[in-house]
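# Commentary on secondary and tertiary structure
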Amino acid sequence: MRYEKLADELAGMMAGGVLKHGDRLPSVRRLAEERRVSVSTVVQAMRQLENRGLIEARPQSGFYVRRTRMAHAEPLLRTTPDMPLAVDISQRLVRVMQAGIRPGVAPLAAALPASELMPVAALHRLYASVARRHPDLLCSGSHINMDDPVLVRQLVRRSLAWGGPLAAEEFVITNSCTEALALCLRAITKPGDTVAVESPAYYLMLQLLEKQGLRALEIPTDPRTGMSVEALDLATRNGGIAACLLVSNGSNPLGSQMPDERKRALAQLTAERGVPIIEDDIYGDLHLAEGRPWPIKAFDTSGNVMLCSSFSKSLSPSLRIGYVAAGHRRSAIALQKTIGSGATNPITQRVLAEYLESGAYERHLRTLRRCYQSQVDAMSAAVSLHFPPGTRISRPQGGFVLWIELPEGIDATELYERAVAENLAYVPGELFSASGMYRNCLRLNCGNPHTPEIEDAVRRLGILFSGAQIK
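Before going into details, it helps to say that this report is about the structure given with it.

Criteria and cut-off values
Residues numbered from 1 in each chain as written. Predicted model: local features only at pLDDT ≥ 70, side-chain atom pairs only at ≥ 80, totals over all residues. Heavy atoms only, no water. 1 Å grid on protein atoms, 1.4 Å probe; cavity = no way out; pocket = protein on both sides within 12 Å on 5 of 7 lines; lining within 4 Å. Points joined across faces, edges and corners; volume = space filled by probe spheres on them. Nonpolar A, V, L, I, M, F, W, Y, C, P; charged D, E, K, R; others polar. Buried < 20%, exposed > 50% of the residue type's maximum accessible area, 1.4 Å probe, protein only. Helix = DSSP H or I, 4+ residues; strand = E, 2+ residues; numbered from the N terminus. Pairing = 2+ DSSP bridges. Salt bridge = Lys/Arg side-chain N within 4 Å of Asp/Glu carboxyl O. Expected span 1.5 Å × (residues − 1). Contact = heavy atoms within 4.5 Å. Polar contact = N/O pair within 3.5 Å; in protein donor to acceptor, adjacent residues only side chain to side chain.

Quick look at empty space enclosed by the protein now. By the definition in use, this model includes 2 cavities of 30 Å³ or more. Roughly 70 Å³ of internal volume is contained in the largest cavity. Lining the largest cavity are 14 residues, with Asp 285, Arg 292, Ser 309, Ser 310 and Tyr 323 sitting closest to its centre. Around the second largest cavity sit Pro 75, Leu 76, Arg 78, Ser 199, Pro 200, Thr 221, Pro 223, Leu 254, Trp 403, Glu 405 and Tyr 438, which together line it. Per-class residue counts for the lining of the second largest cavity are 7 nonpolar, 2 polar and 2 charged.

In strand β11 (residues 322-325), alternate side chains face the same way, and those of Gly 322 and Val 324 on one face and Tyr 323 and Ala 325 on the other are all buried. Sheet topology note: the strand β10 (residues 305-310)/β11 ladder contains 4 bridges and is antiparallel. Bridging across to β11, Ser 310 finds its partner in Gly 322.

By the definition in use, this model includes 24 salt bridges. The residue Arg 224 makes a salt bridge to Glu 74 at a minimum N-O spacing of 2.9 Å. Highlighted residues: Arg 224 in the loop between β6 (215-222) and β7 (226-227) and Glu 74 in the loop between β2 (62-65) and β3 (85-86), separated in sequence by 150 residues. According to the relative accessible area criterion, Arg 224 is partly exposed, its value standing at 34%. On the basis of relative accessible area, Glu 74 is assigned to the buried category, the value being 19%. Connected via shared salt-bridge partners are Arg 158, Asp 281, Asp 285, Arg 292 and Glu 362.

For the rest of this paragraph, the subject is the layout of surface pockets. Put simply, the largest pocket is a space of about 380 Å³. Forming the boundary of the largest pocket are 22 residues, of which Leu 112, Thr 178, Tyr 202, Leu 204 and Lys 313 lie nearest the centre. The set of elements that each furnish at least two residues to the lining of the largest pocket consists of α7 (177-188) and α8 (203-211). Per-class residue counts for the lining of the largest pocket are 13 nonpolar, 5 polar and 4 charged.

Bringing helix α12 (residues 346-358) into the picture now. Quick reminder: α-helices carry 3.6 residues per turn. Residues three or four places apart thus point the same way. With 13 residues, α12 extends 18 Å between its outermost C-alpha atoms, agreeing within 8% with the 18 Å of an ideal straight helix rising 1.5 Å per residue. Among all positions in α12, only Pro 346, Ile 347, Thr 348, Gln 349, Arg 350, Val 351, Leu 352, Ala 353, Glu 354, Tyr 355 and Leu 356 are buried. Next to the buried residues of α12 lie α5 (120-133), α6 (149-158), β4 (171-174) and α13 (360-386). Near the N-terminus of α12, the side chain that reaches the backbone nitrogen of Ile 347, with its oxygen 3.0 Å away, is that of Asn 345. Directly after α12, the chain includes Gly 359, whose backbone phi takes a positive value near 90 degrees.

Dropping the structure here:
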């Protein structure tokens, strides 16, 4: 329908930041003339955008873009298995990830930002400049652990916003946040150990446990406030937990953010019981509310928390620069880094350091957070419009993914192959659980501007799920 196409185009402009919160839309008559459609077509498009919660009508003034925080029902907190379990998701996950990047498939699976949102041109120029001014970096050795002091200094400065400052001596520069997490696990666990994780948990964390022969104990996780401290208290009373692995800010896939008082309680509890915390803070800079949230690391008084992060979601997935602020385990983690992969690319370390030093990163983040907020809102509205009645949608407080809980009886895992056959992809919920829970759930990526093509992909997914519900 022509009005649906117009509504999708305008929604895409809002999601991409062309039309921002508070902007007045062109008048109905002007849109009709510019798009060569009837006035009634434009009015129908405006009504659909109002129904999605994207615009609001103001008497004798026109239509305005609104900040959409739809009153969706949120996913439910679930009971998790009492026993630790071996993890076995890698082969299924690889197939899902490969299907999600096939040409022609809607980019709803992998949690990757759109390239047009990243400062690619600025990074290109900086690479050329750094290579010209510091040719010695092309000859640096790669068999020892080398952390660029210029980059470490910038990270220490940034840690002031994380409740720091952290000590420069804590940092190890890594090849991505994933490597940082893996190094921490290798430094403090051995095969057969049990690691407490969120439920649902980020699937790459589960992959790391699987690769290292570790078992996962799923801890109930609230869609708003994160891992249950009370449940972790019960799980650690009799020992047997080698580490706790979690995302406290903008968790993946829920988008939850643990309140400060719960972070403080978690830091104290685990320190008293000798349970190291490995904290992934990759979405800390991508908060969707005001003010940068502090990580659990800010409440650590004993060096028990290992804080891991990278710039893959905020600058470029291709940078492959991460870090860990390792507390009192820095030496053990640096040793694992040295014998595992050696030094992290020295030119990229310096490029990142100079980008941070210039102040460009903070300016970029302000724009990026607005884009992610708009895209998350637009995707939420699309899911609410097109998915079956009774669908529950997360309200992320950070990051750019949505966790969707379908009505009972709709199996997102079972329907996945049918979706892929129609060039639609998502990550089935069971891949976020060692026990295979969440088969009626899925995760959607909101890292791309919400174009009419993405709106149509969500619509077609909704048809698929609604058909399954009818059966």
